[in-house]
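Summary of the model geometry
Given next are the chains, with one letter for each unit.
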Amino acid sequence: MSKNWISKDYKAIEIAKEIKEGIIKVPQYQRGQVWKESQKEKLMDSIKSGYPFGSILLYKKTDNDYQLIDGLQRVSTIYEYIYYPGKYFKQYKISSQILEGIYDVLNVTGNKELIKQNLNKYIHDWVIKSSKTLEDVKNLSDIECAEYLTKEHFSCNSDTILEIAKILKKEFNIFRSECEELIDIEIPAIVYEGDPDNLPEVFNRINSRGTPLSKYQILSATWTLYEYKIIKPELSEIIPYVDSFYKNIINNNFSIEGYDIQNIHDTRKLNFFQILFGFGKLISHHYPYLFSPSKKDEDIESCGFNLVNACVGNKNSKLANLPKIIQTLFPSDDEFNKFLINIISSIENVYKSFKPYLEFKLNKRNDSKSIYHSEFQICSVIANYFNCRYATYVYDDKTNEIVGRSIKLEDSNKDYTTYRKEFKENAFKKYLIDILNDNWRGSGDHNLNIVALDKNYYTEVITSEKMNNELDHWFDEINSRKEYRKVANPKSADKLLLSVIYSHSFSAFEQNDDITYDIEHLIPKGKLKMLIKNITTGEQQNGLPISSFANICLLREEVNRKKKDKTLYEDDNYLKKLKEKDISINEIEARFSFTTKKDLEWTNREYLDFSDLKKEYFSFLNNRFSIIKDKIIGNLFFNQKKYDFYNAKKSNDFINNLNVEESTLIYISNKNNSYQDLNSFEKEIWDIIRNIPGCEFELSDIYNYKERLQKLYPNNKHIESKIRQNLQKLRDKSYIEFMSSGKYKRLK
């Protein structure tokens, strides 16, 4: 058994000097200095107290230079304190005797404790400012500090200054001594001299403490040998992203092995790790609704690695093989650049299909973005699209493993046109179903391996019946919650479904205006909690699915209210605000709540038995879910004749089940502010026409809604005549075309 390492003790000043001189360098895969000030101070306190603080791992190269493999956070902290010792004084505690002595010498009046606190601050500020180097610490002048205190903050004579300097001298000597001890502190090191290809595994085994490197950083230790040149303008942002990654290391006088900023800008060459790091930053910043960009420059966006890997059909568990696969497929810079651009093109096509729902404003604030999916899930969608468009794979008959790859760069596969059409029709529905069923939790990397290569996964025909069943199953699952004291916040599935519901009723203007919205409980949490509390007490407390999807809706923030235990019908202040803004309760019901006042009356009754309360609540949930489910399916299948959303019989059944009051409209009215030439009734008719599948429709299709229109316009006793009259007006305004008796065609 051969030994490939030795142990060695370095003095802190030796390590610091070798780092400054570039003998010890930082490998490119290090994550930079990520410790917080509190972590740095804790390390320095451990050193000061004589506690062990761990060893570092160095790799000795053939040229006798070294790479700092593990221990960057500790070493950089010690380096920082050696070359800027003033920072060390920040946590230095001036003894109370010193402060007491100076206070007595000053002979000032006032709050003694406050004056001593100020003295402590003034001395700290002066020492920190005056101790930028170790030489400064050696020459730290107690006289100058005393003069600073008396000149800037306290008035006194020269004798007093000398007295204060005498008191400070002892404290400054202690500080100098501690700084000298710091530079001589011994740092235990393990020096590895074996095969550099084993470094990731060596690091993995030795680094069981602190903040570990990610698998991408560990793998990158062997990826620095593969280089490509960035030649396409679309990828130019990768270089500054890489610059920012190393910036905080370079700014602290650390040298990075093999990294020269000027040379990279001149040659535009980066190693494989750096390119995928920058690529992840690029796509996450350009597509923040698909990928969640990190706030720190040094944080790795794993989407760049996972997506590129999936787009060559490589298993996530074999990520280490990715550079060799890429080099085999794309030996030239131009080919590799085109490959990455084709991935971006695939991202763009997926984004266009999902954009209406992912970008819907919902309850977002200040450019905040909501991510409803996991990274593996969205990577599977994009990689599936990419592979079906550009890639061809050859599989082993026995193992079903990929044994051959061919990826087009200039054109698409022959069946791409068919795939694109089916993808556009079904992919979002499949994506939604996966979120409802939480299919990507836990085993996302395994799912990614399979889904990225399954051309049928996102093109499988999702019928309205299947979607209906999936929604029912999900609704049953979430209604099993028993909530009382703690109520769950809306989850990704809730928010995504709300976007599906409301995005079709918002005009482009409303989507982009400055009005904000909140997700609200129709039956307030406080009201339901009180109803439960009044029935049961103590350990026998029962719960209800207070956070159920059927109990939430979207409401405008500016007219929202601190409702506590009041419903939207019971809060006089809220109703007053509606009136002030010329918003009718009918519009709130039709566009947002999908309820009537009568639907919530049961909440004001007294219940003696929990089962009675539960029965009423679930009846409300089930009835309302029938409405919003129909809206979800209607919107998802809006352009498909496979689903006849506006079936008259079903619509009338809903009305009968809901006990609708005379003045209430149930369906979402697509009030579109762009149709300024239409009056209110014309807009209602036009919204009905727009929601009928296909362009052609019959008069009887509109008559199916006469009961609803009658509810909205209760004073009109001739609703059918009114419908025909407004159809003529829409024809005159070129919205529709008259084809034959009772038959029309939509033109817009």
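See the structure printed just above.
Let us look at the structure shown here.

Right, let's talk about helix α3 (residues 72-83) for a bit. Along its twelve residues, α3 runs 16 Å from first to last C-alpha, staying within 8% of the 16 Å computed at 1.5 Å per residue. Listing the buried residues of α3 in full gives Leu72, Gln73, Arg74, Val75, Ser76, Thr77, Ile78, Tyr79, Glu80, Tyr81 and Ile82.

This part is about a negative patch on the surface. A cluster of like negative charges, contributed by Asp9, Glu14, Glu180, Glu181, Asp184 and Glu186, occupies part of the molecular surface. If you tally residues by element for the negative patch, the top one is helix α9 (residues 158-184), at three residues. Relative to the helices and strands, aspartate 9 is located in strand β1 (residues 5-11).

Counting across every chain of the model gives 39 aromatic pairs. Note on tryptophan 223 and phenylalanine 272: the rings are 5.3 Å apart at their centroids and 65° apart in plane angle, and the pair reads as edge-to-face. Of the two residues, tryptophan 223 is situated in the loop between α11 (215-219) and β6 (227-229) and phenylalanine 272 in helix α14 (residues 272-286); the sequence distance between them amounts to 49 residues. What makes tryptophan 223 buried here is its relative accessible area of 1%. By relative accessible area, which is 0% here, phenylalanine 272 ends up buried. Taking the ring centre of phenylalanine 637 as reference, the NZ or CZ of lysine 429 above it sits at 4.8 Å. Lying over the aromatic face of phenylalanine 594, lysine 631 brings its terminal NZ or CZ to 4.8 Å of the ring centre.

Position of alanine 146 relative to the elements: it lies in helix α8 (residues 142-152). Given the relative accessible area of 0%, alanine 146 is considered buried. Taking the C-alpha atoms as reference, alanine 146 lies 8.8 Å from threonine 160; in sequence the two are 14 residues apart. With residues up to four places along the chain from it excluded, the contact list for alanine 146 reads Ile161, Ile164, Ala165 and Leu168.

The strands making up a sheet associate through hydrogen bonds between their backbones, and the pairing can be parallel or antiparallel. Ordered in space as β12-β14-β13, the three strands form an open sheet in which the pairing is antiparallel. With one partner strand each, in any of the chains shown, β12 (696-698) and β13 (736-740) form the two edges of the open sheet. Strand-to-strand twist in this sheet, taken as the mean axis angle between neighbours without regard to direction, amounts to 35°. Pairing of β13 with strand β14 (residues 743-746), which is carried by four bridges, proceeds in the antiparallel orientation. By the bridge assignment, glutamate 737 is partnered in β14 with lysine 745. Most of the contacts of helix α32 (residues 719-732) go to β13, to which it runs at about 115°, and overall it touches β12, β13 and β14.

About the criteria used
Residues numbered from 1 in each chain as written. Predicted model: local features only at pLDDT ≥ 70, side-chain atom pairs only at ≥ 80, totals over all residues. Heavy atoms only, no water. Helix = DSSP H or I, 4+ residues; strand = E, 2+ residues; numbered from the N terminus. Expected span 1.5 Å × (residues − 1). Buried < 20%, exposed > 50% of the residue type's maximum accessible area, 1.4 Å probe, protein only. Patch = residues over 30% accessible without salt bridge, like charges linked within 9 Å, V, L, I, M, F, W, Y side chains within 5 Å. Areas by Shrake-Rupley, 256 points an atom, 1.4 Å probe, with all protein chains shown as cover. Salt bridge = Lys/Arg side-chain N within 4 Å of Asp/Glu carboxyl O. Lys, Arg positive; Asp, Glu negative; His and termini not counted. Charge placed at Lys NZ, Arg CZ, Asp CG, Glu CD. Phe/Tyr/Trp six-rings, centres within 6.5 Å; stacked < 30°, edge-to-face > 60°. Lys NZ or Arg CZ within 6 Å of the ring centre and 35° of its normal. Contact = heavy atoms within 4.5 Å. Pairing = 2+ DSSP bridges. Axes fitted to C-alpha atoms, helices over the stretch in contact; angles between N-to-C directions.

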